[in-house]
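A closer look at the structure
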Amino acid sequence: MAGTKQATTTVSGPEFACPVSPVVDIVFSRWTTPVLWALHTYGRQRFVELERRIGTITPKVLTQRLRQLERDGLVVRTYHPEVPPRVEYEISELGLSLAPLFARLTEWGTANLGRVEEARRAYDADPARPRP
C-alpha cells in the first residue's frame, strides 16, 4: 500500500546472524561430544563407568555436563531406588538423532584434518607472520 510503513523488527545476536550457533552451543561444548559418544558407543552406563571411559573429566564437570544434557533432552537419567541407590545414564532418542551429524563430521575430519595441519604448519613457518 502506498504511503504506509511496514513494521520491521531488528533482532541481534550471533544466533540470528548464524542459525547454526545455538546448535553448536548445545552439541559442541567442551565435554558434550565425549559424553554423547561414550553413551552412544557403549550404551547405558553408571556415572563411574562414564567417568572412566572419558578419562580426563572431573566428577564435578561430568555431573554438570550430564545435568545439562538431561535438561536439553539428549541424555536420560534413570534412578533405581535400591540399596545402595543406582543411577544410570543413556543417550536419548533426540541424542541419537545427532549420529548422522557426528558421522559426517568424522568423514570431514578424515578427509581434511591433514590439510588443516599442513595449513597450520605453513602459517607458523611464515616469517612474515607476527608471533604471539
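Below is a short write-up of the structure. Note that this is a predicted model, so its numbers are computed, not measured.

1. A closer look at the nonpolar core
With 18 residues, the main nonpolar core has Val35 and Leu50 as its most contacted residues. Put simply, the parts of the chain that give this core at least two residues each are α3 (32-42), α4 (47-54), α5 (59-71) and β3 (86-91). With four residues, α3 is the largest single contributor of residues to this core. If near-sequence neighbours (up to four positions away) are discounted, valine 35 is found in contact with Leu50, Ile54, Leu62, Arg65, Leu66 and Leu69.

2. Structural notes on the packing of α3 against α4
Interaxial distance between α3 and α4 falls to 10 Å at its minimum, and their mutual angle equals 110 degrees. Taken together, the axis directions place α3 and α4 in an arrangement best described as roughly perpendicular. Here the hand of the crossing between α3 and α4 comes out right-handed. Listed contacts from α4 to Pro34, Val35, Ala38, Leu39 and Tyr42 of α3 are Leu50, Arg53 and Ile54. Across the contact of α3 with α4, the residue classes break down as seven nonpolar, no polar and one charged.

The rules behind each value
Residues numbered from 1 in each chain as written. Predicted model: local features only at pLDDT ≥ 70, side-chain atom pairs only at ≥ 80, totals over all residues. Heavy atoms only, no water. Core = buried A, V, L, I, M, F, W, Y, C linked by side-chain atoms within 4.5 Å. Buried < 20%, exposed > 50% of the residue type's maximum accessible area, 1.4 Å probe, protein only. Helix = DSSP H or I, 4+ residues; strand = E, 2+ residues; numbered from the N terminus. Contact = heavy atoms within 4.5 Å. Axes fitted to C-alpha atoms, helices over the stretch in contact; angles between N-to-C directions. Parallel < 35°, antiparallel > 145°, perpendicular 65-115°, else oblique. Left-handed = near helix turned anticlockwise from the far one by under 90°. Nonpolar A, V, L, I, M, F, W, Y, C, P; charged D, E, K, R; others polar.

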